[in-house]
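Observations on chain architecture
These are the residues of each chain, in order.
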Amino acid sequence: MKSPTIKNDMFVMLIFSAIILSMPIWLKPLGAGYPDLLQKFAIFGIFAVGYNILFGLTGYLSFGHAAFLGIGSYTAVWSFKLLTMNVFPALIFSVLLSGLFAMLIGFITLRRSGIYFSILTLAFAQMFYNLAYSVLTPITNGETGLQLARGDARIIDRLFSDAGEGLPSTNFFGLEMSGYSGFYVCAVLLIIAFFISQRIFHSPFGIKLRAIKSNQTRMKYTGYNTRPYLLTAFVISGMYAGLAGGLMAATDPLAGAERMQWTASGEVVLMTILGGVGTLIGPMLGVGIIKYFENIFSSLNDQALLQAYSFMPDWLANIMVTITSPFVGEGWHLTLGALFVLIVVFLPGGIMEGVSLIKKRFSKTQANTETGKS
Amino acid sequence: MSNIILKIDNVQKSFGGLKALSDLNLEIEEGKVHAIIGPNGAGKSTMLNVCIGQLAPDSGTVTFHGENMIGKSPHEINQAGISRVFQTPEIFPDLSLLQNVMIPAFAKHEGAFKMNLLCSLSNESAIQDEACHILEDIGLTAQLHTHAGSLSRGDKRRLELAMCLVQHPKLLLLDEPTAGMARHDTNKTIELLKKIKERGMTKIIIEHDMHVVFSVADHISVLAQGTIIASGTPDDIRGNPKVQEAYLGGAHL
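Report follows, based on the coordinates. (Residues numbered from 1 in each chain as written. Chains lettered and ligands numbered in written order. Predicted model: local features only at pLDDT ≥ 70, side-chain atom pairs only at ≥ 80, totals over all residues. Heavy atoms only, no water.)

So, the overall build of chain A
Tallying secondary structure elements over chain A gives 18 helices and 4 strands in all. Its C-alpha atoms give chain A a radius of gyration of 23 Å, near enough to 21 Å, the size a compact globule of 374 residues would have. Each of the three principal axes of chain A carries a C-alpha extent, and together these read 75 × 70 × 40 Å. Looking at the 374 residues of chain A, the share that counts as buried comes to 49%. In chain A, once contacts between residues fewer than 6 apart in sequence are set aside, the share between residues at least 24 apart is 75%. When the accessible surface of chain A is summed, it comes to about 17600 Å², and 69% of that surface belongs to carbon and sulfur atoms. With 24 positive and 17 negative side-chain charges, chain A shows a spacing of 20 Å between the two charge centroids. (Helix = DSSP H or I, 4+ residues; strand = E, 2+ residues; numbered from the N terminus. Rg over C-alpha atoms; globule rule 2.2 N^0.38 Å. Buried < 20%, exposed > 50% of the residue type's maximum accessible area, 1.4 Å probe, protein only. Contact = heavy atoms within 4.5 Å. Areas by Shrake-Rupley, 256 points an atom, 1.4 Å probe, with all protein chains shown as cover. Lys, Arg positive; Asp, Glu negative; His and termini not counted. Charge placed at Lys NZ, Arg CZ, Asp CG, Glu CD.)

See the structure below:
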């Protein structure tokens, strides 16, 4: 039997957990070992892994998932303001509320497929984005963004202690949500999220979603009511996005509407495609690459480049700096864009396609040498 | 008189000014292989499309096991027990052969929707065995894990037939199962059709190849200009002058 077994899945889970939890160690030499960026890796990882359940399995390209990110963030900050600075209830509310909105939006948008579905989801996300600046200002605090204040109610926290001096900070049952402890909370949630996604991928449900992507007409004439399947996938990915949004607010208790802009929806699409649509690990790879470029490449300047080329003769180093400088610093978008074009043109299946090509070639040469021996 | 499993009553369907089906009446007996023949554009495929809920007729009823099928959605009609093999194979090209057959098996066992999100596929060995068994019958076991999209056209048709058979439908609709096949493949398909005939499954088969029709059919109806002009046993049809006029252009079989 070639299909993945439970044992195989457990093995992948173990490796994945080890890699994620040891990120602070192995990312340090790459200059990305600081908590803020590590948290971003984990949070966007959750977002992309969830998005992949919809886009990767069913092929429905949503351009509105940033809306759920925003809903998650606002919900979390409200929970910090009204109830407690503990992130646990905040995250539960984020997931539930974004799931509820996903159900409503999915119910309407999934009546259409293909480009019409994409446009509908985009329309909903932009609607939420603009509402956050206008009608919903009492909830979202408009352009300033929703922030904590000393005078917030925080009913549950008040039961145990008085409002202290200054702003309280978020915690997970006493564990600080900033710094490395915050990263580990996010990382554990990412591992749980990945585990659930893996189970869905290898369940009968997951394979039916793949079948919908492959030929929805056949699915209908095979006795399946496809709409509830799609809606379930949409709601699950919306809840993942809500969790990611909640975590963004948990690590930095500020929610702004820019989080819901269409570029944020586009970013998760790019991450998923870059890594490999419909693969388990792909989206996580995409997140790593894009966030790395955004944070590391963008901070490189000519000085850093000169240092990197210091082994060359001066005249050559100067030429190299002139050539490469448009690609770093503020030009990091150029590098990312070029990389994206290259990957989509040569490896439409993303980085994961490249990995499986290498694997295939490797096993082929191995088989050849084996037959050569015998 | 034996049981009537499907009854098409006064069905009309027009596309703009074109009358595709006019006053179509047809009764299908349980356990029989019923062939529908007729010239191109006679309305044969339209008739099947009405039966599976792909098209809504302008008027008339389609009754299956005494239940009206008009207005039901395609998945409800399939769950009621009607499966169809399409003229151009409708399979899941991105999935493996085994998965292609497992999906309809799941539909049969789990119904139109089941949220078994977190169960593992590797625990579904009963479904898997069933799918393997059908693929064995069809003769496609060698490529269990290849993508269905890479199959030849003839193999895709056989795969689609396997996908329908695994559901054990009460009524199987076959739309030109041998169109575009080489003689050798056609003969293989005839053997297959005869083999599944022994299981007592009712079938409606649309076919241009008279060799296939006369090898497998118990009953033949001739459709011309959207209505049945003759119906009877193969021998009746062979000798019917009206049929020869309309369909065979006066030539003798």
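Following the structure, the description resumes.
Digging into the side chain of Asn 86 of chain A
Locating Asn 86 of chain A in the fold gives a position in the loop between helix H4 (66–82) and helix H5 (87–109). Excluding residues within four positions of it along the chain, Asn 86 of chain A makes contact with Phe 80, Asn 171, Phe 172 and Phe 173 of chain A.

Some details on the sheet that holds strand S2 (residues 18–29) of chain B
Adjacent strands of a sheet pair through backbone hydrogen bonds, lying either parallel or antiparallel. Taken in spatial order, the 4 strands line up as S2-S1-S4-S5 (chain B) in an open sheet, and their pairing is antiparallel. Every interior strand has two partners, whereas the edge strands, S2 and strand S5 (67–68) of chain B, have only one. (Pairing = 2+ DSSP bridges.)

So, the packing of helix H4 (residues 125–138) of chain B against helix H5 (residues 153–165) of chain B
Residue and element names in this part refer to chain B. One can describe the packing of H4 onto H5 by two numbers: an axis separation of 10 Å at closest approach and a directional angle of 135 degrees. Of the possible angle classes, the one that applies to H4 and H5 is oblique. Crossing hand, H4 versus H5: right-handed. Of the residues in H5, those touching H4 at Ile 134, Leu 135 and Ile 138 are Arg 158, Leu 159, Leu 161, Ala 162 and Leu 165. Grouping the amino acids of the contact of H4 with H5 by side-chain chemistry returns 7 nonpolar, no polar and 1 charged. (Axes fitted to C-alpha atoms, helices over the stretch in contact; angles between N-to-C directions. Parallel < 35°, antiparallel > 145°, perpendicular 65-115°, else oblique. Left-handed = near helix turned anticlockwise from the far one by under 90°. Nonpolar A, V, L, I, M, F, W, Y, C, P; charged D, E, K, R; others polar.)

So, the interface of chain B and chain A
Taken together, the contact pairs 42 residues of chain B with 31 residues of chain A. For the pair chain B and chain A, the summed buried area comes to about 3100 Å², and 64% of that belongs to carbon and sulfur atoms. At the junction of chain B and chain A, the tally comes to 2 salt bridges. Two residues, Glu 110 of chain B and Lys 208 of chain A, come together in a salt bridge whose shortest N-O distance is 2.5 Å. Put simply, chain B and chain A have 19 residue pairs in polar contact (both at pLDDT 80 or more) between them. Secondary structure elements with two or more residues in the side of chain B that touches chain A: helix H2 (74–80), strand S6 (82–85), helix H3 (97–110) and H5 of chain B. If you tally residues by element for the side of chain B that touches chain A, the top one is H3 of chain B, at 7 residues. Its residues placed into classes, the side of chain B that touches chain A shows 22 nonpolar, 13 polar and 7 charged. (Buried area = accessible area lost by both parts, 1.4 Å probe. Salt bridge = Lys/Arg side-chain N within 4 Å of Asp/Glu carboxyl O. Polar contact = N/O pair within 3.5 Å; in protein donor to acceptor, adjacent residues only side chain to side chain.)

A few points about the side chain of Ser 73 of chain A
Residues and elements named next belong to chain A. Note that Ser 73 resides in helix H4. Ser 73 sits in the buried class, given a relative accessible area of 1%. Here Ser 73 is in contact with Gly 245, Gly 246, Met 248, Ala 249, Ala 255 and Arg 259, once residues within four sequence places are set aside.

Points about a positive patch on the surface
Residues and elements named next belong to chain A. A grouping of Arg 111, Arg 112, Lys 220 and Arg 227 is seen on the molecular surface, where their side chains present a positively charged patch. Within the secondary structure, Arg 112 sits in the loop between H5 and helix H6 (114–133). Taking the relative accessible area as the measure of exposure, Arg 112 reaches 47% and is therefore partly exposed. (Patch = residues over 30% accessible without salt bridge, like charges linked within 9 Å, V, L, I, M, F, W, Y side chains within 5 Å.)

Some details on the sheet that holds strand S7 (residues 171–175) of chain B
Residue and element names in this part refer to chain B. One open sheet accounts for 6 strands, arranged S6-S7-S8-S3-S9-S10; its pairing is mixed. The sheet terminates laterally at S6 and strand S10 (227–232), the two strands that pair on one side only. For this sheet, the mean angle separating the axes of adjacent strands, direction not counted, is 20 degrees. Pairing geometry for strand S3 (residues 33–37) and strand S8 (residues 202–206), over 4 bridges, is parallel.

Overview of the pairing of S10 of chain B
As paired elements, strand S9 (residues 219–224) of chain B and S10 of chain B share 5 bridges and run antiparallel to each other. Within the sheet, the bridge partner assigned to Ser 221 of chain B lies in S10 of chain B and is Ser 231 of chain B.

Quick look at H6 of chain A
Residue and element names in this part refer to chain A. The terminal C-alpha atoms of H6 lie 30 Å apart, and with 20 residues this matches the ideal 28 Å at 1.5 Å per residue to within 8%. Those residues of H6 not exposed but buried are Phe 117, Ser 118, Thr 121, Phe 124, Ala 125, Phe 128, Tyr 129 and Ala 132. Angular distribution of buried residues about the axis of H6 spans 135 degrees; they occupy a single face of the element. Exposed residues pointing more than 90 degrees away from the buried face of H6 are listed as Ile 115 and Tyr 116. Those residues of H6 that are buried lie in contact with helix H3 (35–58), H4, H5, helix H7 (137–140) and helix H12 (226–251). (Expected span 1.5 Å × (residues − 1). Arc of directions from axis to C-beta.)

Comments concerning a nonpolar patch on the surface
Where nonpolar side chains cluster on the molecular surface, the patch consists of Leu 21, Tyr 180, Tyr 184, Val 188, Ile 192, Phe 195 and Ile 196 of chain A together with Leu 118 of chain B and spans about 640 Å² of accessible area. Here the nonpolar patch takes 6 residues from helix H9 (residues 179–201) of chain A, the largest share from any one element. Here Leu 118 of chain B shows up in the loop between H3 and H4. The class of Leu 118 of chain B is partly exposed, set by a relative accessible area of 44%.

Some thoughts on the state of the cysteines
Inspection of the entire model under this criterion finds 0 disulfides over all chains. Here Cys 132 of chain B is not disulfide-linked; the sulfur of Cys 164 of chain B is the nearest cysteine sulfur, at 18 Å. (Disulfide = S-S within 2.5 Å.)

Points about the pattern of salt bridges
The full count for this structure, using the stated rule, is 14 salt bridges over all chains. As a salt-bridge pair, Asp 175 of chain B and Arg 84 of chain B come within 2.9 Å of each other at their nearest N and O atoms. Of this pair, Asp 175 of chain B sits in strand S7 while Arg 84 of chain B sits in strand S6, placing them 91 residues apart in sequence. When salt bridges with common partners are traced through the structure, they connect Lys 81, Asp 152 and Arg 154 of chain A into a single cluster.

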